[in-house]
Amino acid sequence: MADEKKEKLITAETADALIAAHDGDMALYCLYAARHPGADDETAAAVLCRTRAEIAAAREKLGRILRTESAGPKREPLYPEDEPIQYDKEELVRTAARKKEFGELCAELSRILGTIPSQAYLNVLLDAYDHLGMPPEVIMQLLHFCDEEARRRWGTARHPSARAISEEAYRWARNEIMSLELAEEYIARREKRRTDHGRIAELLGIRGRELYKRETEYIDAWLEMGFPDEAIALALERTVLNTGALKWPYLNGILRNWHAAGLHTAEEIEQAEGRRPQKTRTGGRGHGDPVDQGDLTGFMGDKA
């Protein structure tokens, strides 16, 4: 009778990660390491008919993309201080020739740029592919995302710089975006946030220019605190009445005070401050009627 407790070399999660990585050397080394834990690179290289450099690269990449203890070391998060690896020209050419998927990435980048990629661009590709351990399909998404961002920001005549692609690649790595599904979700979130920025900028009267980084940080904070457009508009009204202009720190101070008090909707704010007019069946002031001076007293006296 067959043994029902056969040893499992790798988990389903590990197998999925290996399949997504599209790296035969890494998959082969993973199986060997699971079967012979603690084996050194020299022995593994001899058994697997690989060079010690190829085994070392497979081991390092495996350690970055796997999370399970049984299949290899846990993938350590990448932080801003991690610097891209600088590859020599011969290694870039050799990898493009030996690894079909890397060659396809080079061809796609060439199509995006409209010219043969420089060594700087190729270095970024290999760094994402080899150092960060990104699957080829994720890198494809990354390249197109960076290209669309550059076109949106600078126009169709501009393409993403090698540095911009590298920074975005490390941002994805820090957020563990290592699958096509996660990449698509990330891009969808970024698109929604960009739509939010545009809508709030319009509400604030900002048109015809891109928001500055600090401005987007303010808006992101307000949205994360849970303020709808109407509350932001009310805070803007208070800001302009008290300062005569859009003052970002002042506006931010008002919203932070409301957030600390647990007030987020315009209705909650006005009711808490006692300024919400009572609803009556007849009479009352319509939207087109003049504003009573007394209604402005509280607004003019507000302090953030």
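The structure displayed is predicted, hence computed values, not measured ones. (Residues numbered from 1 in each chain as written. Predicted model: local features only at pLDDT ≥ 70, side-chain atom pairs only at ≥ 80, totals over all residues. Heavy atoms only, no water.)

Peer 1: Looking at this model, I keep getting lost on the overall build of the protein. Mind explaining?
Peer 2: Within the protein one finds 15 helices and zero strands. When the 304 residues of the protein are sorted by exposure, 38% land in the buried category. Here the analysis covers contacts within the protein between residues at least 6 apart in sequence; of these, 64% occur between residues at least 24 apart. (Helix = DSSP H or I, 4+ residues; strand = E, 2+ residues; numbered from the N terminus. Buried < 20%, exposed > 50% of the residue type's maximum accessible area, 1.4 Å probe, protein only. Contact = heavy atoms within 4.5 Å.)

Peer 1: Mind showing me how you'd approach unusual backbone geometry here?
Peer 2: Most peptide bonds adopt trans geometry, and most residues besides glycine take a negative phi value. You will see that Glu-176, though not glycine, has its phi angle at about 55 degrees, which is positive. Within the fold, Glu-176 resides in the loop between α9 (162-174) and α10 (180-203). By relative accessible area, Glu-176 is classed as partly exposed at 30%.

Peer 1: In this structure, what is going on with helix α12 (residues 229-243)? I would like to understand it.
Peer 2: Think of an α-helix as 3.6 residues a turn; residues three or four steps apart then line up on the same face. For α12, which comprises 15 residues, the first-to-last C-alpha distance of 21 Å matches the rise-based estimate of 21 Å (1.5 Å per residue) to within 8%. Taken together, the buried positions of α12 are occupied by Asp-229, Ala-231, Ile-232, Leu-234, Ala-235, Leu-236, Arg-238 and Thr-239. Where α12 ends, the next residue or the one after it, Gly-244, has phi of about 85 degrees, a positive value. (Expected span 1.5 Å × (residues − 1).)

Peer 1: Explain the nonpolar core to me, please; I cannot follow it from the model alone.
Peer 2: Looking at soluble globular proteins, one finds that nonpolar side chains tend to be buried together. Counting residues in hydrophobic clusters, the biggest one holds 32 residues, and the most contacted among them are Leu-125, Met-134, Ile-139, Ile-165 and Trp-172. When residues of this core are traced back to their parent elements, those giving at least two are α6 (100-113), α7 (119-131), α8 (136-154), α9 and α10. Setting aside its immediate chain neighbours within four residues, Trp-172 contacts Met-134, Val-138, Gln-141, Leu-142, Phe-145, Ile-177, Ala-183, Tyr-186 and Ile-187. (Core = buried A, V, L, I, M, F, W, Y, C linked by side-chain atoms within 4.5 Å.)

Peer 1: Could you clarify how one ought to interpret the environment of Pro-117 in this entry?
Peer 2: Examined against the element boundaries, Pro-117 turns out to sit in the loop between α6 and α7. Residue classification places Pro-117 among the buried positions, given a relative accessible area of 11%. A C-alpha to C-alpha distance of 8.8 Å links Pro-117 and Ala-107, two positions 10 residues apart in sequence. Non-local contacts of Pro-117, meaning those with residues more than four positions away in its chain, are made with Cys-106, Leu-109, Ser-110 and Leu-122.

Peer 1: Just to check I follow, could you spell out the side chain of Lys-99 for this structure?
Peer 2: Assignment of secondary structure puts Lys-99 in the loop between α5 (89-98) and α6. Residue class for Lys-99 comes out buried when judged on its relative accessible area of 13%. Setting aside residues no more than four positions away along its own chain, Lys-99 makes contact with Asp-23, Asp-25 and Tyr-129.

Peer 1: What is the right way to look at the pattern of salt bridges in this model?
Peer 2: When the charged atoms of two side chains with opposite charge come close together, those side chains can pair. Using the criterion set out here, one finds 22 salt bridges in the structure. Its salt-bridge partner being Arg-207, residue Glu-202 comes within 2.9 Å of it at the nearest N-O pair. Looking at Arg-207, the relative accessible area reads 55%, which means it is exposed. Here Glu-273 and Arg-238 are joined by a salt bridge, their closest N and O atoms 2.9 Å apart. Of the two residues, Glu-273 is situated in the loop between α14 (266-272) and α15 (293-301) and Arg-238 in helix α12; the sequence distance between them amounts to 35 residues. (Salt bridge = Lys/Arg side-chain N within 4 Å of Asp/Glu carboxyl O.)

Peer 1: I would appreciate a short explanation of the side chain of Asp-25 in the present structure.
Peer 2: Looking at where Asp-25 falls in the secondary structure, it is placed in helix α2 (residues 24-35). For Asp-25, a relative accessible area of 14% gives the class buried.

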